[in-house]
Structures are given as C-alpha cells and as structure tokens.
Amino acid sequence: MNNFSQYYITSGIHFDAKRYQTALKTKYIGRSFIYREETESTMNIAQRETHEGAATGTLILAERQTSGRGRKGREWVSETGGNLYFTIIIRVNPQEPLHLLKLNFALAAAIVQACRDEGVQETYIKWPNDVWVKTNNSYSKVCGMLIDSVQTQEDLSANCGVGLNVNQDMTKLKERIVGNIPTSLYNELRSKVDREQLLAKICNALETLLGESLESVLEVYKGYDILVGKQVTVTSGTNEPRFGKAKGYSKFGNLIVKFDDGEEKELLAEEVSIRTV
Ligand code: BTN
C-alpha cells in the first residue's frame, strides 16, 4: 500500500509522507509505506503484511504504539511525541544466512549515520544493535532495534523494528523510567528534527549499506562501536553478572570479551554494559 499522497495530522504532530518521499532516494527500502496513528505494535502489522505478500522494503510507521515491544520481552514505551516507531520488512534468501547478519549491522550503522548527519556527532553503536549518544563522558540510549524472523511458505522475512527517540523530551519521563534515562535527538540538539528527512536518510543509508559486502558493513559497524577497549559487565539470563574487558569482534560480529578470571568468550545474546568504576 502506498500512501504517499497523504498528509498526516496526529494530535498536533504530523508526518508529511510527501516530503518523506521527496527525500527518499532508494529503489526498494521505504518505497511501500504504511502509516498508522495508533497501533499495538508495528511488528504485528509487519507480520500480517509479510504473510500477505508485502514487497521487500515495506515500511510501517506508527505515531504511537499501545504494546510496543523491546528486546527480551521488554516493553517499548511508544507515546505520541514525535519519535519514530517503525518496522521494515526485508525478504531474505534462506540459503544466505549471512544476509541476515549483514542486515543487523547495516541497520544499526544506518541509524548512526542518519543521527550524525542530523548533527548528533557523538552517536555510537552498543553491541548488538543499540544506538547510544555520548554526552559529557556518559552514554544514553537513543534508539533500540529488534529483528523478528518470519517464515512464510515462500521465503523468510527479517522484520526490522526501530524505536528512535527523535522529538520527545525524554527528561519528562524521569519519574516513570527505572534505570538509565534515555535521550532523544531533541534533547541532544535542543531543537526539533525533521522526522521525514530523518526517516528517508535512514532508508537511504540502509539500502546503500545492504549493497555492500558483509565484511565492509562490519568494518563500518566496528567504526561506530563504543564497547571495545572498555571494562564491561556481562549478564546472561538470571546468572550472576561477570566482569571483563571487551576485546573486539569475531568475523561474524560477535563481541569477544576477556573475563577477569581469564576466560575469553564470544558473546551471542548476553546483555553488556559499560562499567564506570
Ligand atoms: C530494544 O529493546 O531496544 C528494541 C526496541 C524496538 C522498538 C521498536 S518501536 C517499532 C517496533 N515496534 C515494536 O513494537 N518494537 C519495535
């Protein structure tokens, strides 16, 4: 479904799909565009659309999600506030599992490139695919990603969900958020960001990166990394946290950590945080 002729107005916040389209330079990413003022989760719409044969690159954007999902079953608070909550459907060849891997790195790198292009230079990737901003030697999360694999009768689809804090003042969430307060591009720049341009920039960067080899995308990804060389805490499920130093990446993009007890390990899905003391 292409909705480019529409101009969306939602509680004073509008998404101008025409301006987005004008800035879009891609062949397939974001070309097919579905917009919802409110939905449970763009991941659910993406799943339905995947089964109904949506074209690769289809992008579903919502102004607000009532059941936004984060990684590891966490909630992703998705209020109306001028952020970007979207899912891109990417059809992948099941015979080429490395394509999925490349997508992981390319998506995070594309977000960093777009944020830096908006003027937030100190934007980095925290493995595996969080995007954080560095301010005065501390880091705050600005974007999270989650990729659902959806198997259809014909193929496999990687549905890439992105929650990027753009124009919401995250400091107002202080009372409601436990732990680190996330940031937004607005909080960093102290001015509003053009969401239409930003979304188009993300799509443009993602398509360019997907056209490159896994090795070169991984190089770009590593160039944005914030963990290597840092003392880290690694948590796996309900196990006790372990301490060590992030040493680098394997050729498949797994983070290698040397623990304080001497063990060196490639991480797969563990939680990693930077140790400040
Ligand atoms: C994370 O835990 O860091 C990942 C957050 C992913 C949130 C996005 S918002 C758009 C899409 N729809 C969802 O329900 N989740 C993803």
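Not measured: the values here are computed from a predicted model.

Time to look at the overall build of the protein. Looking only at helices and strands, one finds 6 helices and 14 strands in the protein. Put simply, the protein has 277 residues, and 53% of those count as buried. A sequence separation of at least 24 residues applies to 62% of the contacts in the protein between residues at least 6 apart. With the model as given, the accessible surface of the protein reaches about 13,100 Å², and the carbon-plus-sulfur share is 47%. In the protein, 34 side chains carry a positive charge and 35 a negative one; their mean positions are 3 Å apart.

The next thing to look at is the confidence of the model for the protein. When the pLDDT values of the protein are averaged, the result is 91; 94% of them are 70 or greater. No element of the protein has a lower mean pLDDT than strand β1 (residues 7-10), at 44, and none a higher one than helix α5 (residues 195-210), at 98. The model gives residues 1-11 a pLDDT under 50, and that stretch makes 36 contacts with residues more than four places away or in other chains.

Let us look at the site of the ligand. Taken together, 20 residues sit near the ligand, with S41, Q65, R69, R71 and K141 positioned nearest. Residue S41 places a side-chain N or O atom 2.7 Å away from an oxygen atom belonging to the ligand. One nitrogen or oxygen atom from the main chain of R71 is found 2.6 Å from an oxygen atom belonging to the ligand. Isolated, the ligand exposes 420 Å² of accessible area, and the fraction of that covered by the protein chains is 98%. Of all the elements in the fold, those that place two or more residues in the shell around the ligand are α2 (42-51), β5 (84-92), β8 (138-151) and β9 (156-164). Element by element, the count of residues in the shell around the ligand is highest for β8, at 4 residues. Of the residues belonging to the shell around the ligand, the class tally is 7 nonpolar, 9 polar and 4 charged.

Attention now goes to the packing of helix α3 (residues 97-117) against helix α6 (residues 214-223). Packed helices, taken two at a time, are described by their axes: the angle between them and the distance between them. Their axes nearest at 9 Å, the elements α3 and α6 cross at an angle of 35°. Seen along the crossing, α3 lies across α6 with a hand that is left-handed. Contact residues: α3 offers L98, L101, K102, F105, A106, A108, A109 and Q113, while α6 offers L214, V217, L218, V220 and Y221.

Spatial strand order, β3-β4-β5-β9-β8-β7-β6: 7 strands in an open sheet with mixed pairing. Strands with a single pairing partner mark the edges of an open sheet, and in this sheet they are β3 (33-36) and β6 (123-126). Neighbour to neighbour, the strand axes of the sheet diverge by 20° on average, direction disregarded. In this sheet, strand β7 (residues 130-135) lies alongside β6 in antiparallel orientation, the contact comprising 4 bridges. Paired with K126 across the two strands is D130, which belongs to β7. α5 rests against β3, β4 (59-62), β5 and β9 of the sheet, and its axis sits at about 25° to β5.

Here the focus is the environment of G229. Within the secondary structure layout, G229 lies in the loop between α6 and β10 (231-235). Classification of G229 as partly exposed rests on a relative accessible area of 46%. Sequence separation between G229 and V257 is 28 residues, and the spatial gap between their C-alpha atoms is 9.6 Å. Once residues within four sequence positions are removed from consideration, G229 is found in contact with K245 and A246.

Of note, the bond from W127 into P128 is cis; its omega dihedral lies within 30 degrees of zero at 5°. Summarising the element assignment, P128 is placed in the loop between β6 and β7. Of note, K72 is a non-glycine position whose phi angle comes to about 55°, a positive value. Positive phi, close to 60°, is recorded for R190, a residue that is not glycine.

What follows is about the packing of aromatic side chains. Scanning all chains against the criterion turns up 6 aromatic pairs. Residues F15 and Y35 carry aromatic rings whose centres are separated by 6.2 Å and whose planes lie at 20° to one another, so their mutual orientation is stacked. With a gap of 20 residues between them, F15 in strand β2 (residues 13-16) and Y35 in strand β3 connect regions that are remote in the sequence. In terms of burial, F15 and Y35 fall into one category: buried. Ring geometry for Y221 versus Y249: centroids 5.8 Å apart, planes at 85°, classification edge-to-face. Taken together, the positions of Y221 in helix α6 and Y249 in strand β11 (residues 242-249) put the pair 28 residues apart, joining distant regions of the chain. On the accessibility criterion, Y221 (0% relative accessible area) is buried.

Criteria and thresholds
- Residues numbered from 1 in each chain as written.
- Predicted model: local features only at pLDDT ≥ 70, side-chain atom pairs only at ≥ 80, totals over all residues.
- Heavy atoms only, no water.
- Helix = DSSP H or I, 4+ residues; strand = E, 2+ residues; numbered from the N terminus.
- Buried < 20%, exposed > 50% of the residue type's maximum accessible area, 1.4 Å probe, protein only.
- Contact = heavy atoms within 4.5 Å.
- Areas by Shrake-Rupley, 256 points an atom, 1.4 Å probe, with all protein chains shown as cover.
- Lys, Arg positive; Asp, Glu negative; His and termini not counted.
- Charge placed at Lys NZ, Arg CZ, Asp CG, Glu CD.
- pLDDT = per-residue confidence, 0-100.
- Near = heavy atom within 4 Å.
- Polar contact = N/O pair within 3.5 Å; in protein donor to acceptor, adjacent residues only side chain to side chain.
- Nonpolar A, V, L, I, M, F, W, Y, C, P; charged D, E, K, R; others polar.
- Axes fitted to C-alpha atoms, helices over the stretch in contact; angles between N-to-C directions.
- Left-handed = near helix turned anticlockwise from the far one by under 90°.
- Pairing = 2+ DSSP bridges.
- Phe/Tyr/Trp six-rings, centres within 6.5 Å; stacked < 30°, edge-to-face > 60°.

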